[in-house]
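# Coordinate analysis (summary)
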Amino acid sequence: MTTTAAALTATAALLLTACGGGDDSSSGDIKGADTGSGSPSASASASGASNVKRPEITLPKNFELTFQDWTSSDPVEQAVLNDAREQLRAGYAAITANKPDGGAALAFYDTDSGLSQDRRWIKTYTDKNLTVFGKLPAFDAKGALLGDNKTRAVLNYCTDESKAYTRDRKTSKVEGNPAGTNPHVFYTVTLRKNSEGVWQNVSTESKRGGCQ
């Protein structure tokens, strides 16, 4: 899948399109998991996909990235959901920490192509001295495994940007979505399982207003 450009512009609104994604028209809480309140995420045991040690990811307390009912009765699909959640958290952690290269955690959860796309997305914030704060719920996650060997997957989910904002690091100016902008964004993420059993992001597509 191809990935559209990031939607954030220098003077306008938030348009918090997630890692690698963009708004087609213009331009991460599993139950019991970390809610983005500032504490590190759970690592290998909670992720369940493999015994490899996952990086710890910390988001600031003023940015609540939550994942509502990201659960599956299939353990492999659950592993996809878990790693996709952490990949999204890693992307926003890079923005709030002002790391245009994405940092080690994002590289852990991305393929080479995914990381290239995500760095472009992150720089739409860092190049403009912007950070994010507020609340960003991710919900209605639906994953599916692809192929006979089940090493590829696709994940759809939605976010609600109505209570999420950007802040200029120098001027402290706050921006949100302008009046009339649909705050709901629909995402399609493709993932691939690497040799260590980690589900890595390959690409992300987004469509503003695409959620039911």
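In this text the structure is predicted, and so the values were computed from the model without any measurement.

### Notes on the side chain of Thr111
For Thr111, the location among the structural elements is in the loop between α3 (103–109) and α4 (112–126). Within the structure, Thr111 has its side chain in polar contact with the backbone nitrogen of Gly114 (distance 3.1 Å). In this view, Thr111 contacts Arg192, Gln200, Asn201 and Val202; residues no more than four positions away in its chain are not counted.

### What to know about the packing of aromatic side chains
Applying the stated rule across the entire model yields 8 aromatic pairs. Measuring from ring centre to ring centre gives 4.9 Å for Phe108 and Tyr109, while their planes differ by 80 degrees; the resulting arrangement is edge-to-face. Summarising the burial analysis for this pair, Phe108 and Tyr109 share the class buried. Seen from their ring centres, Trp121 and Tyr125 are 6.0 Å apart, and the 80 degrees between their planes marks the pair as edge-to-face. Highlighted residues: Trp121 and Tyr125, both in helix α4, separated by 4 residues, approximately one helical turn. Here Trp121 and Tyr125 have matching classes, each one buried. These aromatic residues form a ring-pair network of at least three members: Phe63, Tyr92, Trp121 and Tyr125.

### With respect to the pattern of salt bridges
Within the structure shown, the criterion is met by 5 salt bridges. Between Glu86 and Arg89 there is a salt bridge, with the nearest N and O atoms lying 3.3 Å from each other. In this pair, Glu86 and Arg89 are both assigned in helix α2 (residues 75–96), 3 residues apart and thus about one turn of the helix distant. In the salt-bridge network here, residues are joined through shared partners; they are Arg85, Glu86 and Arg89.

### Structural notes on α2
Helix length check: α2, at 22 residues, gives a terminal C-alpha distance of 32 Å against a target of 32 Å (1.5 Å per residue), a fit within 8%. N-capping of α2 is provided by Asp74, with a side-chain oxygen placed 2.8 Å from the backbone N of Val76. Positive backbone phi, at 60 degrees, marks Asn98, one or two positions downstream of α2.

Thresholds applied
- For every chain, the first residue of its written sequence is number 1, and the numbers climb from 1 along that sequence.
- Only residues with pLDDT of at least 70 get local features here, since the model is predicted, and only at 80 or more are side-chain atom pairs given and counted; chain-wide, interface and lining totals rely on the full set of residues.
- Hydrogens are left out, water is left out, and the side-chain values use all remaining heavy atoms of the structure.
- Here a helix means four or more residues in a row that DSSP labels H or I, a strand means two or more in a row labelled E, and each is numbered from the N terminus.
- Polar contact criterion, stated in full: a pair of N or O atoms within 3.5 Å, where within protein one must be able to donate a hydrogen and the other to accept it, and residues adjacent in sequence count only if both atoms are side-chain atoms.
- By definition in these notes, contact holds between two residues if any of their heavy atoms fall within 4.5 Å.
- Think of it this way: a Phe, Tyr or Trp ring, Trp meaning its six-membered ring, pairs with another when their centres are within 6.5 Å, and the plane angle makes it stacked under 30 degrees, edge-to-face over 60, tilted otherwise.
- Burial status follows relative accessibility: with a 1.4 Å probe on protein chains alone, a residue under 20% of its type maximum counts as buried, one over 50% as exposed, and anything between as partly exposed.
- We define a salt bridge as a contact between a side-chain nitrogen of Lys or Arg and a carboxyl oxygen of Asp or Glu at a distance within 4 Å.
- Working rule for helices: expected span equals 1.5 Å times residues minus one.

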